[in-house]
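Secondary and tertiary structure notes
Chain residues, written in single-letter form:
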Amino acid sequence: MVALLCENCTKGTVMESRISKGELTRGRILDLAEEAVLQKGFAATSIDELIAAAEITKSGFFYHFKDKAHLAKEMFQRYLEREDEIFEELEGRADELSDDPLHSTLILIKLFAEMFENIPKNHPGCLVAVYCYQHQLFNDEIRELNVASLLRWRNVYRTRLDRIIEKYPVENVDLEALSDLALTFVEGGIILSKTLDDRELLPRQMLLFRDYIRRIFSPV
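No experiment lies behind these values; they were computed from the predicted model shown. (Residues numbered from 1 in each chain as written. Predicted model: local features only at pLDDT ≥ 70, side-chain atom pairs only at ≥ 80, totals over all residues. Heavy atoms only, no water.)

**Overview of the side chain of N146**
Along the chain, N146 falls in helix α7 (residues 140-167). Once you skip the residues sitting within four places of it in the chain, N146 turns out to touch F76, V128, Y131 and C132. (Helix = DSSP H or I, 4+ residues; strand = E, 2+ residues; numbered from the N terminus. Contact = heavy atoms within 4.5 Å.)

**As for the environment of H103**
Structurally, H103 can be placed in helix α5 (residues 101-117). Look past the residues within four positions of H103 in its chain and what remains in contact with it is S98 and Y168.

**Some details on the state of the cysteines**
What the rule picks out here adds up to zero disulfides. Lacking any disulfide linkage, C126 is separated from the closest cysteine sulfur, that of C132, by 9.2 Å. For C126, a relative accessible area of 4% translates into the label buried. By relative accessible area, which is 44% here, C132 ends up partly exposed. (Disulfide = S-S within 2.5 Å. Buried < 20%, exposed > 50% of the residue type's maximum accessible area, 1.4 Å probe, protein only.)

**A short note on empty space enclosed by the protein**
Overall, the coordinates contain three cavities of 30 Å³ or more when judged by the stated rule. Its volume calculated, the second largest cavity comes out at about 50 Å³. In this structure, the second largest cavity is lined by T105, I109, Y157, L161, L178, S179, A182, F209 and I213. Mapped by element, the contributors of at least two residues to the lining of the second largest cavity are α5, α7, α8 (175-196) and α9 (201-217). The leading source of residues in the lining of the second largest cavity is α8, at three residues. Split into classes, the residues belonging to the lining of the second largest cavity amount to seven nonpolar, two polar and no charged. (1 Å grid on protein atoms, 1.4 Å probe; cavity = no way out; pocket = protein on both sides within 12 Å on 5 of 7 lines; lining within 4 Å. Points joined across faces, edges and corners; volume = space filled by probe spheres on them. Nonpolar A, V, L, I, M, F, W, Y, C, P; charged D, E, K, R; others polar.)

Okay, here's the thing in structure tokens:
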């Protein structure tokens, strides 16, 4: 799945006062690295600039991360975990509002669109896309993590579509391709939104996909 960055979506479940100074520093480095990588890519993000931005020593950085590859892995894993938390929360809300598989999925897509629409500043970014575009910079372990993340999101959408088609049977629908289309709408929407400097473009794309799903399974 497409991994999306938005400041108001991060779930702060632990009070800052209860987090150790080391954990705060580590989190600060990861936050700065993620922001920099989303803005200009992994290759253009240096350890020295992160050290300066975090106001720590070089030894302080290497206490938390043995090298840039280690930082990339930890940053990506945290990103994917946060992505899962966000989706689980939205999916839970959608399923609470309707036990009909089609209607709950339409609600879920609407919740996604609203989430993107309410990002307070900047455009959403996607580490999955960044890591894909610069895949030659990463080792096999990180590339495999990226592949696994997309396959997991394909399966999430496919599972929902399987439930929909069981209740609303239609012919000649490639459910796997339709699952991939959900990811394509988001990734394409991010690119267009950032390039054209139009924050409303991504939510509009999500709502178009929502309308497409509705028309497939409940044609007028």
